[in-house]
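# Summary of the model geometry
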Amino acid sequence: MKTILLLTLSNTFMNLAWYGHLKFKSQPLWIVILASWGIALFEYIFQVPANRIGSNEWSVPQLKVLQECITLVVFSVVAYALFRTPIKWNIGVSYALIVGAVYFAFKF
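Let me sum up the structure you'll find in this document. Everything numeric in this text was worked out from a predicted model, so none of it was measured. For every chain, the first residue of the written sequence is number 1, and numbering continues from 1 onward in sequence order. Restriction of local features to residues with pLDDT of at least 70 applies here, the model being predicted, together with a cutoff of 80 or more for giving and counting side-chain atom pairs; totals for whole chains, interfaces and linings are based on all residues. The side-chain numbers reported here are obtained from all heavy atoms of the structure, hydrogens and water having been left aside.

### What to know about helix 1 (residues 2–19)
Numbering goes from the N terminus for both helices and strands, where a helix is a DSSP run of H or I of at least four residues and a strand is a run of E of at least two. To estimate how far a helix should extend, the number of its residues minus one is multiplied by 1.5 Å. For helix 1, spanning 18 residues, the distance from its first C-alpha to its last is 26 Å, which sits close to the expected 26 Å at 1.5 Å a residue. Buried-residue contacts for helix 1 involve helix 2 (29–54) and helix 3 (60–83). Residue contacts follow a heavy-atom distance rule, with two residues in contact if any of their heavy atoms lie within 4.5 Å.

### What to know about a nonpolar patch on the surface
Judged by side-chain polarity, L29, I33 and W37 come together as a nonpolar surface patch covering roughly 400 Å² of accessible area. Along the chain, I33 turns up in helix 2. Overall, the relative accessible area of 41% leaves I33 in the partly exposed class. For patches, a residue must show more than 30% relative accessible area and have no salt bridge; joins then use 9 Å for like charges and 5 Å for nonpolar side chains, namely Val, Leu, Ile, Met, Phe, Trp and Tyr. Method for areas: the Shrake-Rupley scheme with a 1.4 Å probe, in which residue coverage is limited to the protein chains shown. Salt bridges are counted wherever a side-chain nitrogen of Lys or Arg sits within 4 Å of a carboxyl oxygen of Asp or Glu. Accessibility here uses a 1.4 Å probe with only protein chains present; expressed as a share of the type maximum, an area under 20% marks a residue as buried, one over 50% as exposed, and anything in between as partly exposed.

### What to know about the layout of surface pockets
Points on a 1 Å grid, built from protein atoms alone, make a cavity when a 1.4 Å probe fits but cannot get out and make a pocket when they are open with protein on both sides within 12 Å along at least 5 of 7 lines; residues with an atom within 4 Å of a point are the lining residues. Grid points are joined across faces, edges and corners, and a volume is the space filled by probe spheres set on the points. Computed from the structure, the largest pocket encloses a volume of approximately 210 Å³. Every residue lining the largest pocket is counted, 13 residues in all, and those nearest its centre are L7, Q47, N51, K64 and Q67. At the level of secondary structure, the elements contributing two or more residues to the lining of the largest pocket comprise helix 1, helix 2 and helix 3. When residues are sorted by character, Ala, Val, Leu, Ile, Met, Phe, Trp, Tyr, Cys and Pro go into the nonpolar class, Asp, Glu, Lys and Arg into the charged class, and all the rest, Gly among them, into the polar class. Grouping the amino acids of the lining of the largest pocket by side-chain chemistry returns five nonpolar, six polar and two charged.

### Section: the packing of aromatic side chains
Stacked, edge-to-face and tilted are the three classes for Phe, Tyr and Trp ring pairs, Trp counted by its six-membered ring, which pair at centre distances within 6.5 Å; planes under 30 degrees apart are stacked, over 60 edge-to-face, the rest tilted. In this structure the tally under the stated criterion is six aromatic pairs. Both rings, one in W18 and one in Y19, keep their centres 6.3 Å apart while their planes meet at 70°; by these two values the pair is edge-to-face. Taken together, the aromatic side chains of F13, F42 and F46 make up a single cluster linked through ring pairs.

### Let's talk about unusual backbone geometry
Outside of glycine, negative phi angles account for most residues, and trans bonds account for most peptide bonds. A positive phi angle is found at R84, which is not glycine, with a value near 55°. Checked against the element boundaries, R84 lands in the loop between helix 3 and helix 4 (89–107). Relative accessible area serves as the criterion here: at 55%, R84 is assigned to the exposed category.

### Let's talk about the packing of helix 1 against helix 2
Fitted lines through C-alpha atoms give the axes, limited to the stretch in contact for helices. The angle between two N-to-C directions lies from 0 to 180 degrees. Relative orientation of the contacting elements helix 1 and helix 2 amounts to 160°, with a least axis distance of 8 Å. One element, helix 1, and the other, helix 2, form an angle in the roughly antiparallel class. The interaxial crossing formed by helix 1 with helix 2 has left-handed handedness. Residues K2, T3, L6, L7, L9, S10, F13, M14, L16 and A17 of helix 1 lie in contact with helix 2, whose contacting residues are S36, I39, A40, F42, E43, F46, Q47, P49, A50, N51, I53 and G54. Roughly parallel means an angle under 35 degrees; roughly antiparallel, over 145; roughly perpendicular, 65 to 115; everything else is oblique. In this scheme the crossing of two helices becomes right-handed for a clockwise turn of the near helix relative to the far one and left-handed for an anticlockwise turn of less than a right angle.

Printed below as a string of structure tokens:
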């Protein structure tokens, strides 16, 4: 559970670094790059221990599949909160297929 919490925190910072700057299109590019790098530092502060801890329980491919699933959930929340972007049916199906990948990665 600690791994999942840390990966969720990491992905929150990652999504803010990757997409948050789109709310500030009038700012110079160099400023938003520096701000994104500063935010990304916190991504790594949570991501590195998450993978260290998680690797005691799961394989590296399992960690990656889990991280991708968490990324999609966090991205969906960030995209809606910042940009009011709803999830359309085709994106929902895509997400469900990725959740299926997590199931298969951990089940067998």
